[in-house]
Amino acid sequence: MISFSASMTAGSITSVLIGVPGDAPNVATVLDGYAMTKKGQAGRALGAALGASVVGSIIGGLLAIVMIPVIKPLVLMLLMGDYVFLLLLGLCFVTVLGRESTLKGLISAGFGIIFALVGLQPSTGVDRFAFGLPFLFDGIPFVLVAMGLFAAAETFEVALSTETSKRDVVPQAKSLRRDMLMGCKDIWTHKWVSLRSCLAGYGIGVIPGLGSTIAAMVGYAVAKYGSKHPEKYGTGVIEGVIGPEIANNSTHGSALLTTLAFGIPHSAMTAMLLGGFIMVGIQPGPNLLIEHLSLCFTLLWGTVVTNIIVGIICFLALGYIAKMLNVQPFYTVTAIIVLIFVGAYSQSESYESILIVMAFGAIGILMKKFGYPRVCLVLGMVLGGLFENYLYLALHTAGPLFFLRTTSLIIIALIIAIFVAKPVINAARSRLAIRIKS
Amino acid sequence: MRTRGSLIFITIMVLSLIIIIFNAVQWTFIQAKLLPLVIGVLTLILSVWQLVKEAVTKKINQQVDDRQVGEIISLGESTSFEGESTRGWLIEGSWVVALFLGVYVLGYAIGVPAYALAYSKVKGAKWLRAIIWAIALTAVCYILFEFVLQVSMLNGLLFEWLELV
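Report on the accompanying structure.

Thresholds, definitions, all that
- Residues numbered from 1 in each chain as written.
- Chains lettered and ligands numbered in written order.
- Predicted model: local features only at pLDDT ≥ 70, side-chain atom pairs only at ≥ 80, totals over all residues.
- Heavy atoms only, no water.
- Helix = DSSP H or I, 4+ residues; strand = E, 2+ residues; numbered from the N terminus.
- Buried < 20%, exposed > 50% of the residue type's maximum accessible area, 1.4 Å probe, protein only.
- Contact = heavy atoms within 4.5 Å.
- Areas by Shrake-Rupley, 256 points an atom, 1.4 Å probe, with all protein chains shown as cover.
- Axes fitted to C-alpha atoms, helices over the stretch in contact; angles between N-to-C directions.
- Parallel < 35°, antiparallel > 145°, perpendicular 65-115°, else oblique.
- Left-handed = near helix turned anticlockwise from the far one by under 90°.
- Patch = residues over 30% accessible without salt bridge, like charges linked within 9 Å, V, L, I, M, F, W, Y side chains within 5 Å.
- Salt bridge = Lys/Arg side-chain N within 4 Å of Asp/Glu carboxyl O.
- Phe/Tyr/Trp six-rings, centres within 6.5 Å; stacked < 30°, edge-to-face > 60°.
- Lys NZ or Arg CZ within 6 Å of the ring centre and 35° of its normal.
- Buried area = accessible area lost by both parts, 1.4 Å probe.
- Nonpolar A, V, L, I, M, F, W, Y, C, P; charged D, E, K, R; others polar.
- Expected span 1.5 Å × (residues − 1).
- Bend = angle between axes of the 7 residues up to and from the residue.
- Disulfide = S-S within 2.5 Å.

**A word on the overall build of chain B**
Next up, step 1: Summing up its helical and strand segments, chain B has seven helices and zero strands in all.
Next up, step 2: Of the regular secondary structure in chain B, the N- to C-terminal order runs α-α-α-α-α-α-α.
Next up, step 3: Every one of the 165 residues in chain B was classed for burial, and the buried ones make up 38%.
Next up, step 4: Of the contacts made within chain B by residues no fewer than 6 positions apart, 54% connect residues no fewer than 24 positions apart.
Next up, step 5: Accessible surface computed for chain B: about 9,800 Å², of which carbon and sulfur atoms make up 69%.

**Re the packing of helix α15 (residues 329–348) of chain A against helix α5 (residues 108–122) of chain B**
Next up, step 1: Two elements in contact, α15 of chain A and α5 of chain B, have axes separated by 10 Å at closest approach and are oriented at 160°. Of the possible angle classes, the one that applies to α15 of chain A and α5 of chain B is roughly antiparallel. For the pair α15 of chain A and α5 of chain B, the crossing hand works out as right-handed. Of the residues in α5 of chain B, those touching α15 of chain A at Phe-330, Val-333, Thr-334, Ile-337, Val-338 and Val-342 of chain A are Tyr-108, Val-112, Tyr-115, Ala-116, Tyr-119 and Ser-120 of chain B.

**Observations concerning the side chain of Thr-138 of chain B**
Next up, step 1: With respect to the helices and strands, the residue Thr-138 of chain B is situated in helix α6 (residues 127–148).
Next up, step 2: Dropping the residues within four chain positions of it, Thr-138 of chain B is found in contact with Tyr-108, Val-112 and Pro-113 of chain B.

**Side note on a nonpolar patch on the surface**
Next up, step 1: Judged by side-chain polarity, Leu-339 of chain A together with Tyr-142, Ile-143, Leu-144, Phe-147, Val-148 and Leu-149 of chain B come together as a nonpolar surface patch covering roughly 650 Å² of accessible area.
Next up, step 2: The element that contributes the greatest number of residues to the nonpolar patch is α6 of chain B, accounting for five residues.

**Some points on the packing of aromatic side chains**
Aromatic rings considered in pairs are described by the distance between their centres and by the relative angle of their planes.
Next up, step 1: Enumeration over the complete set of coordinates arrives at 19 aromatic pairs over all chains.
Next up, step 2: With a centroid separation of 6.4 Å and an interplanar angle of 40°, the aromatic rings of Phe-111 of chain A and Phe-115 of chain A are classed as tilted. Here Phe-111 of chain A and its partner Phe-115 of chain A are both found in helix α6 (residues 102–116), four residues apart, which amounts to about one turn of the helix.
Next up, step 3: The class of Phe-111 of chain A is buried, set by a relative accessible area of 10%.
Next up, step 4: On the accessibility criterion, Phe-115 of chain A (18% relative accessible area) is buried.
Next up, step 5: Both rings, one in Phe-330 of chain A and one in Tyr-331 of chain A, keep their centres 4.5 Å apart while their planes meet at 45°; by these two values the pair is tilted.
Next up, step 6: Tyr-331 of chain A sits in the buried class, given a relative accessible area of 16%.
Next up, step 7: Each member of the aromatic cluster is reached from another via a ring pair, and the members are Tyr-345 and Tyr-351 of chain A together with Phe-100 and Tyr-104 of chain B.
Next up, step 8: Above the ring of Tyr-372 of chain A, the side-chain terminus of Lys-104 of chain A is found at 5.1 Å from the ring centroid.

**Looking at the interface of chain A and chain B**
Next up, step 1: With 70 residues of chain A at the interface, the matching set in chain B holds 72 residues.
Next up, step 2: Interface area for chain A against chain B, summed over the two sides, is near 6,500 Å², with a carbon-plus-sulfur share of 78%.
Next up, step 3: At the surface where chain A touches chain B, the tally comes to zero salt bridges.
Next up, step 4: Here the side of chain A that touches chain B takes 13 residues from α15 of chain A, the largest share from any one element.
Next up, step 5: Looking at the side of chain A that touches chain B residue by residue, the class counts come to 43 nonpolar, 14 polar and 13 charged.

**Observations regarding helix α4 (residues 42–76) of chain A**
Next up, step 1: Between the first and last C-alpha of α4 of chain A there are 50 Å, a value that for 35 residues agrees with the 51 Å anticipated at 1.5 Å per step.
Next up, step 2: Most pronounced at Ile-68 of chain A, the bend in α4 of chain A amounts to some 45°, and the proline Pro-69 of chain A follows within four residues.

**Considering helix α9 (residues 191–206) of chain A**
Next up, step 1: An ideal rise of 1.5 Å per residue puts 22 Å on 16 residues; α9 of chain A measures up with 23 Å between its terminal C-alpha atoms.
Next up, step 2: Within α9 of chain A the residues assigned to the buried category are Val-193, Ser-194, Ser-197, Cys-198, Ala-200, Gly-201, Tyr-202, Ile-204 and Gly-205 of chain A.

**Thoughts on the environment of His-252 of chain A**
Residues and elements named next belong to chain A.
Next up, step 1: Following the sequence through the fold, His-252 ends up in helix α11 (residues 239–262).
Next up, step 2: According to the relative accessible area criterion, His-252 is buried, its value standing at 1%.
Next up, step 3: Placed 188 residues apart in sequence, His-252 and Ala-64 show a C-alpha to C-alpha distance of 9.0 Å.

**Quick word on unusual backbone geometry**
Residues and elements named next belong to chain A.
Next up, step 1: In the Ramachandran plot, Phe-129 falls in the positive-phi region, its phi being about 60° despite a non-glycine side chain.
Next up, step 2: Locating Phe-129 in the fold gives a position in the loop between β2 (127–128) and α7 (142–160).
Next up, step 3: For Phe-131, which is not a glycine, the phi torsion comes out positive at approximately 50°.
Next up, step 4: Phe-131 gets classed as exposed once you look at its relative accessible area, which sits at 55%.

**Here's the deal with the pattern of salt bridges**
All names here are of chain A.
Next up, step 1: Summed over the entire model, instances satisfying the criterion amount to seven salt bridges over all chains.
Next up, step 2: Measuring nitrogen to oxygen at the nearest pair gives 2.7 Å for the salt bridge that ties Glu-154 to Arg-374. Here Glu-154, found in helix α7, pairs with Arg-374, found in helix α17 (residues 374–398); they are 220 residues apart in sequence, far enough to count as distant.
Next up, step 3: Ionic contacts of the salt-bridge type, sharing partners, join the residues Glu-154, Glu-157, Lys-368 and Arg-374 into one network.

**A look at the state of the cysteines**
Residues and elements named next belong to chain A.
Next up, step 1: By the definition in use, this model includes zero disulfides over all chains.
Next up, step 2: Cys-376 provides the cysteine sulfur closest to Cys-92, a residue in no disulfide bond, and the two sulfurs are 10 Å apart.
Next up, step 3: Look at Cys-92 and you get buried, because its relative accessible area is 8%.

Following this line, the structure appears as structure tokens:
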């Protein structure tokens, strides 16, 4: 979570310097950030982007911390049966509101749940899809799936790419820091734009599935359409850098809050965070906020502190960081592939772990190629086991009509509402994107 | 876009789901088979729907589907290995398989530097840089995993067979 948070802050560097977003949420920053670089204002744009990222994550994190006492009574109202539908709601949020096809998202989620069921069933000892292979009896380790689906697949794409990264983009160091400070001051100068975009981003972050990219786009739109000179956006306007950066970083707090309070992951990263909880024996879900409150606060403070540290590091060492853009891709590819192999082996000190990573790497590549959202598979895998546990507990404690409770029915109504709202949301997204593009 | 590859991919998924359901039906306990069956059948229905959709759609490019909306949102962000040749796929895939076989047969101490050296050299690095990179990468991984994380590294089948380790 912390590395994700850091990557989003540092991702603005390439957006500004070479017009290539370091991470998907930094896409909107390219529009004005890169235009500013072309006008010779790279330092100012970088200062504004990094400063806005830090401010956004601090405000988002603090808002989330303040919201915990408000959310806690809501969490205490939930029973086992509600958890079942809450997990379904989380799955639906991400599959339906995600940018890929809903049908493909649901198929991916279905496979994710099936992968989660691999191994010996705890109460009966039935071998479920392990096909007698001992290394699968305890289930497929989540960390191997995540490594294969994301790290291996992304590295493979870099390896396939013929583009070289050799670019001379490092600005002159002497004037850089002075310009960056000016960019930081711009955040205060445009404080109302910053605040509006920040709150918009925070609000988007509460809804799982919409993601930081949408938050950044909304942050940009809020800055643009609240401005007295919207026609200048895209030509190198400082508010066009501040708006998306402050918005995408303010989602960290709200996304983490939803994930921790209700066990509904916001994105692939928060799904992996839940997977990490399972690995260390912590049951994700509403109980997390009650039983592990200090951990929740640690994580929220962690994102805030990380962004401050990353902001300082980027400010002090930007020249060196930018030089990393000159590193040839094959160095990165060999390093990551070897680390994946050794990391997978270290999981259980067996070759089978490497084979699992390779298999999921291939699955990840094919899913990416054919437009099947990998995040839905990860989410299905994280939530699948929990879903089964809660379902049986609900059936045992409240019988087959466990869903006839007000809270359960409200959550079911929300699930239906998501499917109904999908076309409306898509239309709004298209309109927003077309307006920003134009 | 509909391609032969995407049709094959979804067909494999449909076949896998049939195997999954066929397996789950045979289990004795309802606790074990309830969820796999429910999820398997639902996913099968959705997969068949997707298969039919892909099979009958001639030019999906003309439709504004969810994916295109996503692409508009991401302002041209490439997400799908566009324009990569089959040869490129096979070559890069072979490198990964070669690394696995190298590590499996020769062990970590030989497999990893050999892979790093060969890959860097083929991709255009000069001999000296490739050698330094191979040694550095092996050393960093060795220090990180063997000393810091206390994970014993792979010895390799050949050395185990020759009883050298």
